[in-house]
Amino acid sequence: MPRPSAEPAKYDRAVEWFRARVPMTDDEFAKLDAHAAEQAFWIGNVAQLDVVDQVYSAVDDALRDGTTLDDFKDEVADELYQAWGEPDANRVETIFRTWVQRSYQAGRFAEQTDEDVVQAPEDTQGTVLPASSAALDTARRSDRTCADASR
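A brief report on the enclosed structure follows.

**A word on the overall build of the protein**
Along its length, the protein carries seven helices and four strands. In the protein, the succession of helices and strands from N to C terminus is α-β-α-α-β-α-α-α-β-β-α. Residues counted as buried form 29% of the 151 residues belonging to the protein. Partitioning the intrachain contacts of the protein with sequence separation of at least 6 by distance along the chain shows that 48% fall at a separation of at least 24.

**Here's the deal with unusual backbone geometry**
One non-glycine residue, Asn-45, lies in positive phi territory at about 65°. Tracing the backbone shows Asn-45 in the loop between strand E2 (40–41) and helix H4 (49–65).

**Focus on helix H6 (residues 89–112)**
Here H6 is 24 residues long and its end C-alpha atoms lie 34 Å apart, about the 34 Å a rise of 1.5 Å per residue gives. If you check which residues of H6 are buried, you get Val-92, Ile-95, Phe-96, Trp-99, Val-100, Ser-103, Ala-106 and Gly-107. Taken together, the buried residues of H6 touch helix H1 (12–19), E2, H4 and helix H5 (69–84).

**Digging into the side chain of Asp-60**
By the secondary structure assignment, Asp-60 is in helix H4. Sequence-distant contacts of Asp-60, that is, excluding residues within four places in its chain, are made with Val-15, Phe-18 and Arg-19.

**Observations regarding the packing of H4 against H5**
Two numbers describe how H4 lies on H5: the axes approach to 10 Å, and their chain directions differ by 165°. When the axes of H4 and H5 are compared, the pair comes out roughly antiparallel. H5 is crossed by H4, and the crossing has left-handed handedness. Residue-level inspection shows Val-51, Gln-54, Val-55, Ala-58, Val-59 and Asp-61 of H4 in contact with H5, the latter providing Phe-72, Glu-75, Val-76, Glu-79 and Leu-80. Across the contact of H4 with H5, the residue classes tally to seven nonpolar, one polar and three charged.

**Digging into the environment of Tyr-81**
Its location among the elements puts Tyr-81 in helix H5. Separated by 11 residues in the primary sequence, Tyr-81 and Val-92 have C-alpha atoms spaced 8.9 Å apart.

Cut-offs and rules
- Residues numbered from 1 in each chain as written.
- Predicted model: local features only at pLDDT ≥ 70, side-chain atom pairs only at ≥ 80, totals over all residues.
- Heavy atoms only, no water.
- Helix = DSSP H or I, 4+ residues; strand = E, 2+ residues; numbered from the N terminus.
- Buried < 20%, exposed > 50% of the residue type's maximum accessible area, 1.4 Å probe, protein only.
- Contact = heavy atoms within 4.5 Å.
- Expected span 1.5 Å × (residues − 1).
- Axes fitted to C-alpha atoms, helices over the stretch in contact; angles between N-to-C directions.
- Parallel < 35°, antiparallel > 145°, perpendicular 65-115°, else oblique.
- Left-handed = near helix turned anticlockwise from the far one by under 90°.
- Nonpolar A, V, L, I, M, F, W, Y, C, P; charged D, E, K, R; others polar.

Encoded structure:
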């Protein structure tokens, strides 16, 4: 029986989503509208773009290589403490967890909503069909009809 690997998983969709973010300072972020803000990577109360860039790179490393929270802290905590004027280990952890989890969630959402492949309803026994498949469209209509009848 195969043994599970202890190696960190590589998750390309999460990396793709994260790399689409644009690093910026807190002041620059405050000027954005809601749509543009979705494309931003920022850290609250950090005015130095070089510090934001360093944290961005460390999160990218974590997503790409599976680096740990401790590795992340070793790489960026001192610079963040200096930018904030005081140490705050909980805040560093929050930055790490927030950006890694947002990236994983966005990557997973992209997989689930990919238009090229849609999981067919249960009556097709798990067959994966292209979204444009006539059989899939028929199964969807059938599901809607059954749902409407049960109301």
